[in-house]
Amino acid sequence: MNSSLLLGVAIGIAIGCASIFLPYFSDRNQGLNEGCSLLPHRHFWLYSKRVLTPGGIMSAAVEINGGHIVSIVHQNKTPKQTKRAHVIDYGNAVIMPGLVDVHVHLNEPGRVEWEGFVTGTKAAAAGGFTTLIDMPLNSVPTTTSKEAFDMKVDAAKGRLFVDVGFWGGLVPENALNNTAIDELLQAGALGLKSFMCPSGINDFGQTNASHIKEALRILAKYQRPLLVHAEIPQPSEDEKTDMDISERRMYSTYLRTRPPSWEEEAIKILIAVSKDTHFDGSKDGAHIHIVHLSDSSVSLDLIKEAKESGARISVETCPHYLVFSAEEISDGDTRFKCAPPIRDVLNRERLWKALKDGHIDMLSSDHSPSSPALKLLEAGDFLRAWGGISSLQFGLPVTWSYGQQHGLQLEQLSELWSQRPAKLAGQHKKGTIVTGNDADIVVWDPENEIQIGENYTIYHKHPITPYTGKHLFGSVITTFVRGNMVYENGSHASTACGVPILAV
Ligand SMILES: NC(=O)N[C@H]1NC(=O)NC1=O
Ligand SMILES: [Zn+2]
Ligand SMILES: [Zn+2]
């Protein structure tokens, strides 16, 4: 045999072997970045008797390849394991879209002692969240310029266990500067966020109607939303400046300082502003999203009316407004301090009704922790403590457990936590289990009982939370982000392979 023939035979054998083993190799290795996933496969099937799809909950197998959902097969049996694709049979556990939280304060760079990309996204993964959208405060600098935005994205690289997008900040300093806003949006901000009252952070000032109107003009062009903390301080008759600590410890004092009229006034102005946002003949208009609605009375009625008359307005509420009530908050227990405040039981029950009836579009955590000292737990001073509740990891079991008592179906819960928030953030490949979408999935057991406490690992930077001691239903088994198994039963992937999501 001459040498060229020998070479030909050798190549032939090599190709033959490769084609026999190629499917196996490609499954194990193609696109697989060591450490990103607890599962050494890129091509696999997830099977369970309860897969939540837009067509309902069904017994099905979901095929995942290269980070995407490539098929969904309605079947009553687990698929056969092949050399090409690995199969995980989750039995009766629920397979549903990973949760998307559009309102999280990760506080990095600059205030990593409050929370951070690593701790926050590990908590998210353990709670079944696959995408977070980070607020432009309380990091240092606040995300109000292109430079600050680029710093934020740089700080996030290699530190994310789930995917994270970013809202830019709208403040008086940039609101009337079209170039600055353009640059922020071109850098990749998914939309803007502003406050109509003091934010608690010095370099994030409050905006007025003119600032908001000017920003909406630019946002409409990009078709990205403006998120607004809708409270405007109202003059009050019993405003006292000389309260002693015993008065400042009372929850009723704090509640009186931020009445529903603050929310009402802001929402009235936003509705008025939103009426004419069809700038330059644009037919879609700008989108205003009201964050963390607490008042379910006049404020909610105003929103309902505006929506009925065609305004492009959406609204979120948070688990703490749905679970707790003013009546049960002990004086001095500043773990419950947030803004707007948690109101009475009647208010809470009306929020549930609005959620069930579809008047509230989505849920978000408003996870806004601080370092423990700032919560002033010892003094219990409600007026001076940091306002913000730490809760990111518990969103799913909390809203499922209390939602069940209020007749909320699993399909509705998934719309509120995944489908609608993904849409708000412009993430059309996320939020639903459909062919072609990112394989962002949570597998969980809705019947399993847990207690937030000693035997429950909290991954937030600080464990301080008003949910401590709560008995809940629902435990997360596995979380997949773009096909990477980033969390399973108490373990995270060794490498942080979540990516910063930039608007294009
Ligand atoms: N700055 C900040 O995170 N504030 C948040 N905390 C809170 O309770 N409401 C908010 O808007
Ligand atoms: Zn807010
Ligand atoms: Zn917030």
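Residue numbering note: each chain is counted from 1, following its sequence as written. Here chains are named by letter from A upward and ligands by number from 1 upward, in the order in which they appear as written. Given that this is a predicted model, residues contribute local features only at a pLDDT of at least 70 and side-chain atom pairs are listed and counted only at 80 or more, while totals for whole chains, interfaces and linings are drawn from all residues. Computation of side-chain values: all heavy atoms of the structure, hydrogens and water removed.

Convention followed: UniProt positions are given in the numbering used here, feature names are shortened, and annotations may be inferred rather than shown by experiment.
An unreviewed UniProt entry lists the protein under the name allantoinase, with Juniperus flaccida as the source organism. In its Function (unreviewed entry) section, the UniProt entry covering the protein states "Catalyzes the conversion of allantoin (5-ureidohydantoin) to allantoate by hydrolytic cleavage of the five-member hydantoin ring. Catalyzes the first step of the ureide allantoin degradation followed by the sequential activity of AAH, UGLYAH and UAH which allows a complete purine breakdown without the intermediate generation of urea."

### Looking at the coordination of the zinc ion (ligand 3)
In plain terms, the rule: Each metal site is built from N, O and S donor atoms within 2.8 Å (3.2 Å for Na, K and Ca), and since water is not included, such sites may look incomplete.
At this site the zinc ion (ligand 3) is bound by H103 (NE2), H105 (NE2) and D366 (OD), with donor distances of 2.1 to 2.2 Å. Mapped onto the polypeptide sequence, the residues donating to the zinc ion (ligand 3) form the spacing pattern H-x1-H-x260-D.

### Considerations on the packing of aromatic side chains
Note the following rule: Paired rings are identified among Phe, Tyr and Trp, the last through its six-membered ring, by centres lying within 6.5 Å, and are further divided according to the angle between planes into stacked (under 30 degrees), edge-to-face (over 60) and tilted (the rest). Under the scheme used here, helices are H or I runs from DSSP no shorter than 4 residues and strands are E runs no shorter than 2 residues, and both carry numbers assigned from the N terminus. When a residue's accessible area, from a 1.4 Å probe over protein chains only, is under 20% of the maximum for its type it is buried; when over 50% it is exposed; and in between it is partly exposed.
Under the defined criterion, the tally for this structure stands at 15 aromatic pairs. Here F394 and Y456 contribute two aromatic rings whose centre-to-centre distance is 6.1 Å and whose plane-to-plane angle is 55°, an arrangement assigned as tilted. Within this pair, whereas F394 is found in the loop between β14 (362–363) and α13 (395–405), its partner Y456 is found in the loop between β15 (441–451) and β16 (471–481), the two being separated by 62 residues in sequence. In this structure, F394 and Y456 share a single accessibility class: buried. Ring centres of Y459 and Y487 lie 6.5 Å apart, and the angle between their planes is 80°; this geometry places the pair in the edge-to-face category. You can see Y459 sitting in the loop between β15 and β16 and its partner Y487 sitting in strand β17 (residues 484–488), a full 28 residues away along the chain.

### Details of the pattern of salt bridges
Note that side chains of opposite charge can pair when their charged atoms are close. The condition is simple: Take a side-chain nitrogen of Lys or Arg and a carboxyl oxygen of Asp or Glu: if they are within 4 Å of each other, that pair is a salt bridge.
Enumeration according to the criterion identifies 21 salt bridges in this entry. The closest approach of N and O atoms between R348 and E328, which form a salt bridge, is 3.8 Å. Taken together, the residues span a long stretch of sequence, with R348 in helix α12 (residues 345–356) and E328 in the loop between α11 (319–323) and α12 at a distance of 20 residues. R348 is the salt-bridge partner of E349, the closest N and O atoms lying 3.0 Å from each other.

### Points about the UniProt feature "domain: Allantoinase composite" (unreviewed entry) in the protein
The UniProt entry lists residues 39–93 under the feature "domain: Allantoinase composite" (unreviewed entry), expressed in the numbering used here. Annotation note: span residues 39–93, helix share 0%, strand share 58%, distance between end C-alpha atoms 18 Å.

### Some details on the coordination of the zinc ion (ligand 2)
At this site the zinc ion (ligand 2) is bound by H229 (ND1) and H292 (NE2), with donor distances of 2.1 Å. Between the zinc ion (ligand 2) and the zinc ion (ligand 3), a spacing of 3.7 Å is present. One end of the pair, H229, is in strand β11 (residues 226–229); the other, H292, is in the loop between β12 (288–290) and α10 (298–308), with 63 residues separating them in the sequence. Take H229: its relative accessible area is 3%, and that puts it in the buried class.

### A word on the site of ligand 1
Where we set the bar: Nearness of a residue to a molecule or strand requires only that one of the residue's heavy atoms be within 4 Å of it. Polar contacts here mean pairs of N or O atoms no more than 3.5 Å apart (in protein, one a potential hydrogen donor and the other a potential acceptor; neighbouring residues in sequence count only if both atoms are side-chain atoms). Exposure was quantified through the Shrake-Rupley algorithm and a 1.4 Å probe, taking into account, for residues, occlusion by the shown protein chains and nothing else. Just so you know the grouping, Ala, Val, Leu, Ile, Met, Phe, Trp, Tyr, Cys and Pro go in nonpolar, Asp, Glu, Lys and Arg go in charged, and all remaining residues, Gly too, go in polar.
Around ligand 1, 14 residues are found, and the nearest of them are N138, H229, A339, S368 and G387. Here a nitrogen atom of ligand 1 sits 3.1 Å away from a polar atom, N or O, in the main chain of S199. In the model, an oxygen atom of ligand 1 is placed 2.7 Å from a nitrogen or oxygen of the S368 side chain. Look at ligand 1: alone it shows 290 Å² of surface, and the protein chains cover 97% of it. When its residues are assigned to classes, the shell around ligand 1 shows 5 nonpolar, 8 polar and 1 charged.

### Quick look at the state of the cysteines
Rules: Cysteine sulfur atoms are paired as a disulfide whenever they come within 2.5 Å of each other.
Per the counting criterion, the structure on display carries 1 disulfide. No disulfide involves C197; its sulfur sits 12 Å from that of C338, the nearest cysteine. With a relative accessible area of 3%, C338 lands in the buried category.

### Focus: the sheet that holds strand β13 (residues 313–317)
Note the following rule: A pair of strands counts as paired when DSSP detects no fewer than two bridges linking them. Whether two residues touch is decided by their heavy atoms; if any such pair falls within 4.5 Å, the residues are in contact. Here an axis means a line fitted to C-alpha atoms, over the contact stretch when the element is a helix, while the angle between two N-to-C directions is reported on a 0 to 180 degree scale.
With respect to topology, 6 strands assemble into an open sheet ordered β9-β10-β11-β12-β13-β14, the strand pairing being parallel. Lying at the two open borders of the sheet, with one neighbouring strand each, are β9 (168–169) and β14. Both β12 and β13 contribute to a ladder of 3 bridges, which runs parallel. Within β13, the residue paired with I290 across the bridge is V315. In the packing of α10 onto the sheet, the strands contacted are β12 and β13, and the crossing angle to β13 comes to about 145°.

### Quick notes on helix α9 (residues 260–274)
Here is the rule: An expected span of 1.5 Å times one less than the residue number is assigned to each helix.
Taking 1.5 Å per residue, 15 residues should reach 21 Å; α9 reaches 21 Å between its end C-alpha atoms and fits that length. By the burial criterion, the buried members of α9 are W262, E263, E264, A266, I267, L270, I271, V273 and S274. Considering only its buried residues, α9 is in contact with α6 (209–222), β11, α8 (251–257), β12, α10 and β13.

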